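Here's the letter readout for the chains.
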Amino acid sequence: MIDLQTSTIVDQEIKELVIPIDNVAHVQLGNSLEHALLVLVKSGYSAVPVLDLSFKIKGLISKTLILDSILGMERIEYEKLADHHVEEVMNSKVPRMKDTDTFTRALELSINQPFLCIENDEGIFIGILTRRAILALVYRHVRKRQIIEQP
Ligand code: 2BA
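Values in this document were obtained by computation on a predicted structure and should not be read as measured data. Counting of residues starts from 1 at the beginning of each chain's written sequence and follows it residue by residue. The predicted nature of this model means local features are confined to residues of pLDDT at least 70 and side-chain atom pairs, given and counted, to a pLDDT of 80 or more, with totals for whole chains, interfaces and linings taken over all residues. Side-chain metrics in this entry use all non-hydrogen atoms of the structure; hydrogen atoms and water are not considered.

**Here's the deal with the side chain of glutamate 77**
Here's step 1: Relative to the assigned elements, glutamate 77 resides in the loop between helix H2 (63–69) and helix H3 (80–83).
Here's step 2: Polar contact is the term for a pair of N or O atoms within 3.5 Å; when the atoms are in protein, one must be able to donate a hydrogen and the other to accept it, and sequence-neighboring residues count only if both atoms are side-chain atoms. Looking at glutamate 77, its side chain comes within polar contact range of the side chain of lysine 80, at 2.9 Å.
Here's step 3: Contacts between residues were defined by any pair of non-hydrogen atoms, one from each residue, lying within 4.5 Å. Leaving out residues up to four positions away in the same chain, glutamate 77 has contacts with Ile70 and Gly72. Every helix listed is a DSSP run of H or I at least four residues long, and every strand listed is a run of E at least two residues long, numbered separately from the N terminus.

See below:
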């Protein structure tokens, strides 16, 4: 259990906050844009990780990136969805961390990122850390301290 009793949470590891790969909606490099859009719409998320066949993180794909890529001069070119692949459109700059990294680093990265991809020492994707999980831990910590410090 992550210890909320200690005076600081900053040096704790993030392992226990990670949503494991089995519960993370994701797509693969060779998937069509049509498939990726289906995953995004069905899952309800605006962006999800892109993995290769060996489960390494290669990028992030979002509804906005896909729609932007099929935007023609005068109309949305839906027929492109089936012909183009995730790797042509994804953003290769991925905010990533190791599961042994500290909470401080996660807090810092989450200022600008809604979620962080977590990998093990071999670079294999093991899950994501969401801004929601980070904020929830900070909130629990603040509340706990308020209760302890009340006269
Ligand atoms: P968004 O999809 O833009 O979602 C923003 C926030 O909206 C989420 O924040 C969450 O609070 C809420 N939300 C959106 N879709 C939801 C759903 N289907 N069920 C429950 N809540 C939902 P966070 O939870 O902090 O997630 C931040 C970002 O992490 C999400 O941004 C999404 O891109 C990604 N994400 C979260 N959980 C995921 C999962 N299981 N698989 C893939 N990506 C995930």
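What follows continues from the structure just given.
**Let's talk about the nonpolar core**
Here's step 1: Definition used in this section: a nonpolar core is a set of buried Ala, Val, Leu, Ile, Met, Phe, Trp, Tyr and Cys residues joined via side-chain atoms within 4.5 Å. Think of it in three bands: residues with accessible area under 20% of the maximum for their type are buried, residues over 50% are exposed, and the middle band is partly exposed, with areas taken using a 1.4 Å probe on protein chains only. Residues Val27, Val50, Ile61, Ile66, Leu81 and Val86 are the most contacted members of the largest nonpolar core, which totals 16 residues.
Here's step 2: Ranked by residue count, the leading element in this core is helix H1 (residues 33–43), at 5 residues.
Here's step 3: Residues within four places of valine 27 in sequence aside, it is in contact with His35, Ala36, Val39, Pro49, Val50, Leu51, Ile61 and Val86.
Here's step 4: The next biggest cluster of nonpolar side chains, apart from the first, holds 14 residues, and it includes Met97, Leu109, Leu129 and Ala133.

**Remarks on the sheet that holds strand S6 (residues 115–119)**
Here's step 1: At least two bridges found by DSSP between two strands is the condition for calling them paired. Taken in spatial order, the 4 strands line up as S1-S7-S6-S5 in an open sheet, and their pairing is mixed. The open sheet has two free edges, formed respectively by strand S1 (19–20) and strand S5 (96–98), since each of these has just one partner strand.
Here's step 2: Alignment of S1 against strand S7 (residues 125–130), held across 2 bridges, turns out to be antiparallel. Pairing of isoleucine 19 across the sheet is with isoleucine 128, part of S7.
Here's step 3: Packed onto the sheet, helix H6 (residues 131–149) meets S6 and S7 and runs at close to 55 degrees relative to S7. Only the stretch in contact is used when fitting a helix axis, every axis being a line fitted to C-alpha atoms; angles between N-to-C directions are given from 0 to 180 degrees.

**Points about the layout of surface pockets**
Here's step 1: A pocket here means an open set of points on a 1 Å grid, computed over the protein atoms alone, that has protein on both sides within 12 Å along at least five of seven lines. A cavity is instead a set of points where a 1.4 Å probe fits but cannot get out; residues with an atom within 4 Å of a point line either one. Grid points are joined across faces, edges and corners, and a volume is the space filled by probe spheres set on the points. Of the voids in this model, the largest pocket is the one considered here, and its volume is about 530 Å³.
Here's step 2: Residue lining of the largest pocket: 24 residues in total, with Ala47, Val48, Pro114, Phe115 and Ile128 positioned closest to the centre.
Here's step 3: At the level of elements, strand S3 (47–51), strand S4 (57–62), S7 and H6 are the ones that each hand at least two residues to the lining of the largest pocket.
Here's step 4: Note on residue classes: Ala, Val, Leu, Ile, Met, Phe, Trp, Tyr, Cys and Pro are nonpolar, Asp, Glu, Lys and Arg are charged, and everything else, Gly too, is polar. Broken down by class, the residue content of the lining of the largest pocket amounts to 16 nonpolar, 6 polar and 2 charged.

**So, H1**
Here's step 1: The set of residues buried in H1 consists of Leu33, Ala36, Leu37, Val39 and Leu40. In an axial view of H1, the angular spread of the buried residues amounts to 160 degrees, which keeps them on one side of the axis. Exposed residues pointing more than 90 degrees away from the buried face of H1 are listed as Leu38, Val41 and Lys42.
Here's step 2: Tucked into the core, H1 has its buried residues touching strand S2 (27–28), S3, S4, H2, H3 and helix H4 (86–89). The reported arc concerns the directions from the helix axis to the C-beta atoms and nothing else.

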